[in-house]
Amino acid sequence: MSTLEYPFSFHEDASNPVNGTLRLDEPLAYPSGMADPAFYRPGSLRLEDGKSLELALYHNEATARFIYLRNAPVDHHLLAIAGIDPAQAGGRETIRLPGQLCFGAKRTSIIGKAIHTLFRSPALTPAFEKYRQENFAVFPIAREGLKYQVAEAIFDNFGYYCDEIVLDAHHVFDSSVPVYNRKVEMTIFKDKDLDPEQRDNIRVAFLADGIASGLVMKEVIARVHERFENLQQVEVIAPLATIRGLCRIVQAEIPPTCRIRVHVFETLLNALPPDFYYSAHLPDPSFHIRPDLEAEYRQWWGQDAASNTIADTACAGYGWSEVFFSPRKQIEMINGQLLSRHNLTIADIFRRNFEES
């Protein structure tokens, strides 16, 4: 796989146009502790004003199940949530499911394994050779980030006991914000137990949450740096991240001496209008460490009656947090988008795959 150079331009907000270039280098293998090798793919995103952001994309067995398809036993409870009579599975023992249909506890298990392997990569191990355990803090962003198990991955790989500081940052409606009609509200920042010395010791912050528009993460990075002034690195663990959202991370209001890097599963996503929240896979195989897995994923989603490719609009997260906390709400959101864009439901796509296999 060769290096990808991808120019981009975003002009949905006429007062703040964004132009730049994304670079993704060739993937590099590293020991994973799993049957299949793991890969990480260094990269960067640079805006035309010269500001840039470091990136690292990852492939391992668990990230692939999270982003693309997985073989799963026929689960009557899952099929019922999706509106499928289990009899329609036709006696199959296993079925293929996309990451959007990995719910609740199963999703938490898979993401934990993925992040555990991610921390073995050469992109992250140098920080743990340079700093002591008291220099690290983990900031899971409620709700989704609470499920990522970043502190557990650090302990399992390095034996470090890190401070874990829970945040609540979310969108609230605000019609005064052009295009997006929402702003960021922070209501919880659980750092009051740290004394001044403990606060001053923090050099590396691990933030945990997905990135769609990037509005929340940009604000969180700025607020974390305000409260932890000696920060030298911000490492964002974002299993799902869009190119549009990453552009906002580049513009985070922190000193240039503080390094920001974003760690993403497998590929970067396309934030879809009108609200730039629903985020689908990009079709170009060069965006994917394993293009063959993307091809299988696109085949599973198929096309609608007008020959539109459904994977081009199928959000990789849909409810983002709901897929962890409320599987039924996740199905509602999937069906709402599928009906509005393709006049289909997830049950229709299930049945089509049953008929074709």
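Since this is a predicted model, take the numbers as computed values, not measurements.

*Asks:* So what exactly am I meant to see when it comes to helix H5 (residues 150-158) here?
*Replies:* The periodicity of an α-helix, 3.6 residues per turn, causes residues three or four places apart in sequence to face the same way. Within the sequence span of H5, burial applies to Val150, Ala151, Ala153 and Ile154. Burial along H5 is one-sided: seen end-on, the buried residues are contained in an arc of 160 degrees. Close packing links the buried residues of H5 with helix H3 (104-118), helix H4 (125-130), strand E8 (136-142), strand E9 (163-164), strand E12 (204-208) and strand E13 (233-237). Just beyond H5, the residue with positive phi is Gly159, at close to 75 degrees.

*Asks:* How do you make sense of the nonpolar core when you look at a structure like this?
*Replies:* Most often, soluble globular proteins keep nonpolar side chains buried together rather than apart. Counting 75 residues, the largest nonpolar core has Phe119, Val150, Phe206, Trp301, Ile346 and Phe350 as its most contacted members. Each residue touching Phe119, except ones within four places of it in the same chain, is listed here: Leu124, Thr125, Phe128, Val150, Ala153, Ile154, Asn157, Phe158, Phe206 and Ile237. The next biggest cluster of nonpolar side chains, apart from the first, holds 49 residues, and it includes Leu22, Leu45, Ile254 and Phe287.

*Asks:* What should I look at first to understand a negative patch on the surface in this one?
*Replies:* There is a patch of like negative charges on the surface, built from Asp195, Glu197, Asp200 and Glu229. As for its placement among the helices and strands, Asp200 is situated in helix H6 (residues 196-201).

*Asks:* Would you take a moment to explain unusual backbone geometry for this structure?
*Replies:* The phi angle of most residues is negative, glycine excepted, and most peptide bonds adopt the trans form. At the junction of Ala142 and Arg143, the peptide bond is cis and its omega measures out at 10 degrees in the coordinates. Mapped onto the elements of the fold, Arg143 is located in the loop between E8 and H5. Although it is not a glycine, Glu266 sits at a positive phi angle of roughly 65 degrees. If you trace the backbone, Glu266 turns up in the loop between strand E14 (259-265) and strand E15 (269-271).

*Asks:* Can you walk me through the environment of Phe354 in this structure?
*Replies:* Within the secondary structure, Phe354 sits in helix H12 (residues 346-356). Placed 258 residues apart in sequence, Phe354 and Arg96 show a C-alpha to C-alpha distance of 9.8 Å. In contact with Phe354, not counting residues within four places along its chain, are Leu79, Ile84, Gln88, Ala89, Arg92 and Ile95.

*Asks:* I would appreciate a short explanation of the pattern of salt bridges in the present structure.
*Replies:* Close approach of charged atoms allows side chains of opposite charge to pair. Within this structure, the stated rule accounts for 16 salt bridges. Of the charged contacts in the structure, one is a salt bridge between Asp312 and Arg298, with a shortest N-O distance of 2.7 Å. Of this pair, Asp312 sits in the loop between helix H9 (291-301) and helix H10 (322-325) while Arg298 is found in helix H9, placing the two residues 14 residues apart along the sequence. The class for Asp312 is partly exposed, based on a relative accessible area of 28%. In this structure Arg298 comes out as buried when scored by relative accessible area, which is 17%. Overlapping salt bridges bring together Glu5, Arg23 and Asp25 as one network.

Thresholds applied
Residues numbered from 1 in each chain as written. Predicted model: local features only at pLDDT ≥ 70, side-chain atom pairs only at ≥ 80, totals over all residues. Heavy atoms only, no water. Buried < 20%, exposed > 50% of the residue type's maximum accessible area, 1.4 Å probe, protein only. Helix = DSSP H or I, 4+ residues; strand = E, 2+ residues; numbered from the N terminus. Arc of directions from axis to C-beta. Contact = heavy atoms within 4.5 Å. Core = buried A, V, L, I, M, F, W, Y, C linked by side-chain atoms within 4.5 Å. Patch = residues over 30% accessible without salt bridge, like charges linked within 9 Å, V, L, I, M, F, W, Y side chains within 5 Å. Areas by Shrake-Rupley, 256 points an atom, 1.4 Å probe, with all protein chains shown as cover. Salt bridge = Lys/Arg side-chain N within 4 Å of Asp/Glu carboxyl O. Lys, Arg positive; Asp, Glu negative; His and termini not counted. Charge placed at Lys NZ, Arg CZ, Asp CG, Glu CD.

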